[in-house]
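# Descriptive analysis of the structure
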Amino acid sequence: MASPSRVGDARWRGAWRFLEEMRREPGVTRAVVAQRLGLSSGSATEITARLP
């Protein structure tokens with residue numbers, strides 16, 4: 001089992017990758033980005049919900 005710090009690091013890396021994809025292609029939907037990165041729709045929703 002991964003340590004809590006590794007799980008947290010992986011979560012932030014995934015969020016970073018997700019936001020980078022959104023930045024690179026304005027207008028892209030979160031569903032498309034999630035599919036490209038192999039993330040669940042729930043993960044994509046969680047990442048975007050944290051945005052201001």
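Above this note sits the structure.
Residues numbered from 1 in each chain as written. Predicted model: local features only at pLDDT ≥ 70, side-chain atom pairs only at ≥ 80, totals over all residues. Heavy atoms only, no water.

## As for the side chain of E21
On the secondary structure map, E21 appears in helix α1 (residues 4–24). Within the local environment of E21, its side chain forms a polar contact with the side chain of R24, the two groups lying 3.3 Å apart. Polar contacts involving the side chain of E21 include one to the side chain of R36, which spans 3.2 Å. With near-sequence residues (within four places) excluded, E21 lies in contact with V28, V33, R36 and L37. (Helix = DSSP H or I, 4+ residues; strand = E, 2+ residues; numbered from the N terminus. Polar contact = N/O pair within 3.5 Å; in protein donor to acceptor, adjacent residues only side chain to side chain. Contact = heavy atoms within 4.5 Å.)

## A short note on helix α3 (residues 41–49)
Owing to its 3.6 residues per turn, the α-helix aligns residues three or four sequence positions apart on the same side. Listed as buried for α3 are A44, I47 and T48. Looking down the long axis of α3, one finds its buried residues gathered within 90° of arc, a one-sided arrangement. (Buried < 20%, exposed > 50% of the residue type's maximum accessible area, 1.4 Å probe, protein only. Arc of directions from axis to C-beta.)

## Quick look at the packing of aromatic side chains
This structure, assessed with the given rule, holds zero aromatic pairs. Directly above the aromatic system of W12 lies the positively charged group of R50, at a separation of 5.2 Å from the ring centroid. (Phe/Tyr/Trp six-rings, centres within 6.5 Å; stacked < 30°, edge-to-face > 60°. Lys NZ or Arg CZ within 6 Å of the ring centre and 35° of its normal.)

## Things to note about the nonpolar core
In globular proteins that are soluble, nonpolar side chains generally tend to be buried together. Core analysis: the biggest nonpolar cluster contains eight residues, these being A15, F18, V28, V33, A34, L37, A44 and I47. With three residues, helix α2 (residues 30–37) is the single largest residue contributor to this core. (Core = buried A, V, L, I, M, F, W, Y, C linked by side-chain atoms within 4.5 Å.)

## Some thoughts on α2
By the burial criterion, the buried members of α2 are V33, A34 and L37. Seen from one end, α2 has its buried residues packed into an arc of 100°, which puts them on one side. Relative to its buried face, α2 has exposed residues pointing more than 90 degrees away, namely A31 and Q35. Of the residues one or two after α2, G38 is the one with positive phi, at around 75°.

## Comments concerning the pattern of salt bridges
Counted according to the given criterion, the structure contains six salt bridges. Put simply, R24 and E20 hold a salt bridge, and the shortest N to O gap is 3.8 Å. One end of the pair is R24 and the other is E20, both in helix α1 and four residues apart, which spans about a single turn. Judged by its relative accessible area of 19%, E20 falls in the buried class. With its nearest N and O atoms 3.5 Å apart, the salt bridge here joins R50 to E46. Looking at R50, the relative accessible area reads 38%, which means it is partly exposed. The network of salt bridges with shared partners includes E20, E21, R23, R24, E25 and R36. (Salt bridge = Lys/Arg side-chain N within 4 Å of Asp/Glu carboxyl O.)

Purely geometric stuff here, so don't read any function into it on its own.
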